[in-house]
Amino acid sequence: MALKRPKSNRMLAGVCSGLAKHFSLDPTLVRLAWAILVLIGGTGILLYLLMWIIVPEE
């Protein structure tokens, strides 16, 4: 199964939801991990933007 951003169950661009679905995780846990990355140096923001551009939509 390829990583894709879903059109439903998304908060912004669907990156966290897509990752959660791809790895069979709870989307809330992925979003929480992403928020921690944002707070620790802002790395999460750059990664999110890159994933938004690179990962195709369903």
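Here the structure is a predicted model, which means the values were calculated and not measured.

## Some remarks on the overall build of the chain
Turning to step 1, where the next piece is worked out: Looking only at helices and strands, the chain has three helices and zero strands in total.
Turning to step 2, where the next piece is worked out: Taken from the N to the C terminus, the helices and strands of the chain come in the order α-α-α.
Turning to step 3, where the next piece is worked out: Computed over C-alpha atoms, the radius of gyration of the chain comes to 11 Å, within 12% of the 10 Å expected from 2.2 N^0.38 for 58 residues, which places it in the range of a compact globule.
Turning to step 4, where the next piece is worked out: The proportion of buried residues among the 58 residues of the chain is 28%.
Turning to step 5, where the next piece is worked out: Intrachain contacts of the chain at a sequence separation of at least 6 include 42% that bridge at least 24 residues.

## What to know about the confidence of the model for the chain
Low pLDDT means the predicted coordinates in that region are not meant to be read closely.
Turning to step 1, where the next piece is worked out: The pLDDT averaged across the chain works out to 89; a share of 100% of its residues lies at or above 70.
Turning to step 2, where the next piece is worked out: Model confidence for the chain, summarised as mean pLDDT per element, is weakest for helix H3 (residues 43–54) at 89 and strongest for helix H1 (residues 15–22) at 92.

## What about the nonpolar core?
Turning to step 1, where the next piece is worked out: Counting residues in each nonpolar core, the largest one holds eight residues, listed as Ala13, Val15, Cys16, Leu19, Ala20, Val30, Trp34 and Tyr48.
Turning to step 2, where the next piece is worked out: Mapped onto this core, the elements with two or more residues apiece are H1 and helix H2 (27–39).
Turning to step 3, where the next piece is worked out: The leading source of residues in this core is H1, at four residues.
Turning to step 4, where the next piece is worked out: With near-sequence residues (within four places) excluded, Ala20 lies in contact with Leu25, Asp26, Pro27 and Val30.

## A word on the packing of H2 against H3
Think of two packed helices as two axes; the pair is described by the angle between the axes and how far apart they sit.
Turning to step 1, where the next piece is worked out: Packing of H2 against H3 leaves a shortest axis separation of 5 Å and a crossing angle of 125°. Viewed along their axes, H2 and H3 adopt a mutual orientation that is oblique. Only Thr43, Gly44, Ile45, Leu47, Tyr48 and Met51 of H3 make contact with H2, whose side of the interface consists of Trp34, Leu37 and Val38.
Turning to step 2, where the next piece is worked out: The class makeup of the residues in the contact of H2 with H3 is seven nonpolar, two polar and no charged.

## A few points about the side chain of Ser17
Turning to step 1, where the next piece is worked out: You can see Ser17 is positioned in helix H1.
Turning to step 2, where the next piece is worked out: Residues within four places of Ser17 in sequence aside, it is in contact with Pro6, Ser8, Asn9 and Arg31.

The rules we used
Residues numbered from 1 in each chain as written. Predicted model: local features only at pLDDT ≥ 70, side-chain atom pairs only at ≥ 80, totals over all residues. Heavy atoms only, no water. Helix = DSSP H or I, 4+ residues; strand = E, 2+ residues; numbered from the N terminus. Rg over C-alpha atoms; globule rule 2.2 N^0.38 Å. Buried < 20%, exposed > 50% of the residue type's maximum accessible area, 1.4 Å probe, protein only. Contact = heavy atoms within 4.5 Å. pLDDT = per-residue confidence, 0-100. Core = buried A, V, L, I, M, F, W, Y, C linked by side-chain atoms within 4.5 Å. Axes fitted to C-alpha atoms, helices over the stretch in contact; angles between N-to-C directions. Parallel < 35°, antiparallel > 145°, perpendicular 65-115°, else oblique. Nonpolar A, V, L, I, M, F, W, Y, C, P; charged D, E, K, R; others polar.

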